[in-house]
Amino acid sequence: MKILAFSASNSRQSINATLVRAATEILTTKVAQDAEIDFVDIHDFEMPIYSIDRETEDGIPQLANDFLEKIGGVDALLIGYAEHNGNYTAAYKNLFDWMSRLGRDIFQNKPMVIMGTSPGKGGASSVLKLAETSAPFFAGEIVATVSLPRYHETFDAEAGKIKDADKVAEMETALRKLAESLA
């Protein structure tokens, strides 16, 4: 089982990246020990802000193709959605916009577990709802969603682990659903 894991944030200190890394640890220790994880930093796929004028003049950046190839080369996706003002981060939305110019089926019918965290009680719920609603239009098959509210209380950043036992169980259940969708 090959998994592409990333945070939809270009922050080097992304709390959503730490959540995705914790999820991959749970996946490889409790669910699918043979899982191969490709953890990608979308900061490495930074492109000019999308515009039709730029596309007409310069074409689609190779980085958009490269990211789509990464999605195509795996069996499933783990995505941690950072929430900026209730929406996707500008960095993720830009990457997504460029990829969409290559074709609508961005997620390539891959099963996905999406997750998000925030310092507040919402746990990135607004952006997760947006991702759940839009993913099917872009060939995304969400098998589970996990929201981790109050990051600084429910996550041990030093150990890189979720502290809340109920949330650990919820994450494990979500990851089992992902593994079962590939069986």
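Preceding this section is the structure that the text describes.
Quick caveat: nothing in here was measured; it's all calculated off a predicted structure.

Participant: Any details on the pairing of strand E3 (residues 76–80)? Residues and values, ideally.
Facilitator: Each regular strand carries side chains that alternate between the two faces of the sheet. Taken across its five residues, E3 has five buried, putting it largely inside the fold. Judged by which residues are buried, E3 turns out to be covered on both faces: Ala76, Leu78 and Gly80 on one side and Leu77 and Ile79 on the other are all buried. Note that strand E1 (residues 2–7) and E3 share five bridges and pair parallel. Bridge assignment links phenylalanine 6 to a residue of E3, and that residue is isoleucine 79. Alignment of E3 against strand E4 (residues 110–117), held across four bridges, turns out to be parallel. Looking across to E4, one finds that leucine 77 is bridged to methionine 112.

Participant: I'd love a proper account of the pattern of salt bridges, names of residues and values included.
Facilitator: Applying the stated criterion to the full structure yields seven salt bridges. Aspartate 97 is paired through a salt bridge with lysine 93; the nearest N and O atoms lie 2.6 Å apart. A residue pair is termed a helical-turn pair when its members lie 3 or 4 positions apart in one helix, as aspartate 97 and lysine 93 do in helix H4 (residues 90–100) at four residues. You can call lysine 93 partly exposed: its relative accessible area is 36%. Arginine 176 is the partner of glutamate 172 in a salt bridge, and the nearest nitrogen-oxygen pair spans 2.8 Å.

Participant: Please provide a residue-by-residue account of the layout of surface pockets, values included.
Facilitator: Approximately 180 Å³ is the volume attributed to the largest pocket. In terms of lining, the largest pocket is formed by 13 residues, of which the most central are Met47, Ala90, Ala91, Asn94 and Leu95.

Participant: Give a description of empty space enclosed by the protein that names residues and reports values.
Facilitator: A full pass over the atoms with the stated rule returns one cavity of 30 Å³ or more. Considering the residues around the largest cavity, the lining is formed by Tyr81, Tyr88, Tyr92, Phe96, Phe107, Ala131, Ser134 and Ala135. Among the secondary structure elements, those contributing two or more residues to the lining of the largest cavity are H4 and helix H5 (125–134). A per-class count over the lining of the largest cavity returns seven nonpolar, one polar and no charged.

Participant: Pulling in residues and values, what's your account of the pairing of strand E5 (residues 140–148)?
Facilitator: Note: E4 against E5, eight bridges, orientation parallel. Among the inter-strand pairings, glycine 116 is bridged to a residue of E5, identified as serine 147.

Participant: How would you sum up the nonpolar core? Please name residues and give values.
Facilitator: Proteins that are soluble and globular tend to have nonpolar side chains buried together. By size, the foremost hydrophobic cluster in this structure holds 31 residues, and its most contacted members are Phe67, Ile79, Tyr81, Tyr92 and Phe107. Looking at this core, the elements with two or more residues in it are E1, helix H3 (62–72), E3, H4, E4 and H5. Among the elements that take part in this core, H4 stands out by supplying five residues, more than any other. Core analysis: the second largest hydrophobic core is formed by 27 residues, Ala23, Ala32, Ala35 and Leu178 among them.

Thresholds, definitions, all that
- Position labels on residues start from 1 in each chain and follow its written sequence.
- At least 70 in pLDDT is required for a residue's local features to be given in this predicted model, at least 80 for side-chain atom pairs to be given and counted, and no such filter applies to totals for whole chains, interfaces and linings, which use all residues.
- Processing note: side-chain calculations cover all non-hydrogen atoms of the structure and skip hydrogens and water entirely.
- The classification of residues rests on relative accessible area computed with a 1.4 Å probe and restricted to protein chains. Under 20% of the type maximum is buried, over 50% is exposed, and intermediate values are partly exposed.
- Helical segments are the DSSP runs of H or I of at least four residues, strand segments are the runs of E of at least two, and each set is numbered from the N terminus.
- A pair of strands is considered paired only if DSSP assigns at least 2 bridges between the two.
- When a carboxyl oxygen of Asp or Glu is within 4 Å of a side-chain nitrogen of Lys or Arg, the pair counts as a salt bridge.
- Grid spacing is 1 Å over the protein atoms alone, the probe is 1.4 Å, and a cavity is where that probe fits but cannot get out, while a pocket is an open set with protein on both sides within 12 Å along at least five of seven lines and lining residues have an atom within 4 Å of a point.
- Grid points are joined across faces, edges and corners, and a volume is the space filled by probe spheres set on the points.
- For this classification, Asp, Glu, Lys and Arg are treated as charged, while Ala, Val, Leu, Ile, Met, Phe, Trp, Tyr, Cys and Pro are nonpolar and the rest, including Gly, are polar.
- To define a nonpolar core, start from buried Ala, Val, Leu, Ile, Met, Phe, Trp, Tyr and Cys residues and group those joined through side-chain atoms within 4.5 Å.

Read these as layout, nothing more, since geometry by itself doesn't imply function.
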